[in-house]
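Each chain, written out:
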Amino acid sequence: MAEALSGGLETVAQAARQAPGRGLPPVHLWNPAHCGEIDIVIKRNGLWFHEGTPIGREALVRLFSTVLRKDPDGIYLVTPVEKMKITVEDAPFVAVRVDRAKNDAGGEALRFLTNVGDEVEAGPDNAIRVEMDPGTGEPSPYLHVRRGLEALIARPVFYELVEMAQERETADGPQLGVSSNGAWFAVGPARAHLV
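Here the structure is a predicted model, which means the values were calculated and not measured.

Cut-offs applied
- Residues numbered from 1 in each chain as written.
- Predicted model: local features only at pLDDT ≥ 70, side-chain atom pairs only at ≥ 80, totals over all residues.
- Heavy atoms only, no water.
- Pairing = 2+ DSSP bridges.
- Helix = DSSP H or I, 4+ residues; strand = E, 2+ residues; numbered from the N terminus.
- Contact = heavy atoms within 4.5 Å.
- Axes fitted to C-alpha atoms, helices over the stretch in contact; angles between N-to-C directions.
- Buried < 20%, exposed > 50% of the residue type's maximum accessible area, 1.4 Å probe, protein only.
- Arc of directions from axis to C-beta.
- Phe/Tyr/Trp six-rings, centres within 6.5 Å; stacked < 30°, edge-to-face > 60°.
- Lys NZ or Arg CZ within 6 Å of the ring centre and 35° of its normal.

**Q** Account for the sheet that holds strand β5 (residues 74-78), with residues named and values stated.
**A** Taken in spatial order, the 6 strands of this open sheet run β3-β2-β1-β6-β5-β4, and their pairing is mixed. Edge strands, defined here as strands with exactly one partner in the open sheet, are β3 (53-54) and β4 (68-71). Packing against the sheet, helix α2 (residues 58-65) makes contact with β2 (48-50), β4 and β5, and its axis sits at approximately 95° to β2.

Rendered as structure tokens:
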């Protein structure tokens, strides 16, 4: 994408830059009128495209990622004065790294890093879930990042989770899963690891 931003993108960028404080902008508190759609697509691999061209400026993608909001009818870029629907092929983020860490209580946590720089500890508020494709049996693992927005867990990261997994007896039989911040998350269906 050229260095100059189109009008809609420039407005979003300006609003995100002016967000108060150093944390994430309070997009959940903003209720602007819906202004239509903007031709932004977030691909399954986490790459952002505007009008068919990759957005090559990492800082711009990170900035836009801070003003994403999931509403019942889709995912939007939201500012105090505009709300523009975008297209997301799978999840808006990709978890590209996982590390075991100690949490504040001295317990164990799984800390993930997303492709846009978010650090997220899995736990009761940030669940890991795995959907299985009924046709192929392929897993699609996700991590909740914030306010309904999820990260697709990259395949190499998911393999690390499977290596960390321990068997637990469940109502459906033995199942592999991982623990983080006191919560346990299955990484596949019961008995799948026994086949």
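**Q** Requested: an account of the sheet that holds strand β11 (residues 139-146), with residues and values cited.
**A** Read across the sheet, 6 strands follow the order β9-β8-β7-β12-β11-β10 without closing on themselves; strand pairing throughout is mixed. Sheet topology places β9 (119-121) and β10 (128-132) at the edges, where each strand pairs with a single neighbour. Across the sheet, the mean angle from the axis of one strand to that of its neighbour is 40°, orientation sign disregarded. Of the pairings in the sheet, the one linking β10 to β11 comprises 5 bridges and is antiparallel in character. Across the sheet, residue Val130 finds its bridge partner in β11, namely Pro141. On the sheet, helix α3 (residues 155-164) packs against β7 (93-102), β8 (108-114), β10, β11 and β12 (149-153) and is oriented at approximately 30° with respect to β7.

**Q** Can you lay out the pairing of β12 for me, pointing to particular residues and giving the numbers?
**A** Side-chain direction in a regular strand flips from residue to residue, so the side chains alternate between the two faces of the sheet. Counting buried positions over the 5 residues of β12 gives 5, a clear majority of the element. Bridge count between β7 and β12: 3 bridges; the pairing is parallel. By the bridge assignment, Phe93 is partnered in β12 with Ala151. Alignment of β11 against β12, held across 4 bridges, turns out to be antiparallel. Bridge pairing in β12 links Tyr142 to Leu152. Taking the residues that link successive antiparallel strands as the turn, the β11-β12 hairpin has 2 residues, and the phi of Arg147 there is positive, at about 40°.

**Q** Quick one: what's the story with α3, residue by residue and with numbers?
**A** Residues of α3 that are buried include every one of Val157, Phe158, Leu161 and Met164, and no others. All buried residues of α3 fall inside an arc of 115° around its axis, so they share one side. Residues Pro156 and Glu163 are exposed on α3 and point more than 90 degrees away from its buried face.

**Q** Give a detailed account of the packing of aromatic side chains, specifying residues and quantitative values.
**A** Following the criterion strictly, the structure yields 1 aromatic pair and no others. One Lys or Arg, Lys83, reaches over the ring of Tyr76 and ends 4.6 Å from the middle of that ring.

**Q** Residues and numbers for the pairing of β8, please.
**A** One ladder, built from 7 bridges, connects β7 with β8; its direction is antiparallel. In the sheet register, Arg97 faces β8, and the bridge partner there is Leu113. Counting the residues between successive antiparallel strands, the hairpin from β7 to β8 contains 5 residues, one of them, Gly106, with a positive phi of roughly 90°. Of the strand pairs in this sheet, β8 and β9 are connected by 3 bridges, and their pairing is antiparallel. Residue pairing across strands places Arg111 opposite Glu121, the latter belonging to β9. Hairpin connection, β8 to β9: the antiparallel pair is bridged by 4 residues, and Gly117 has positive phi, about 90°.

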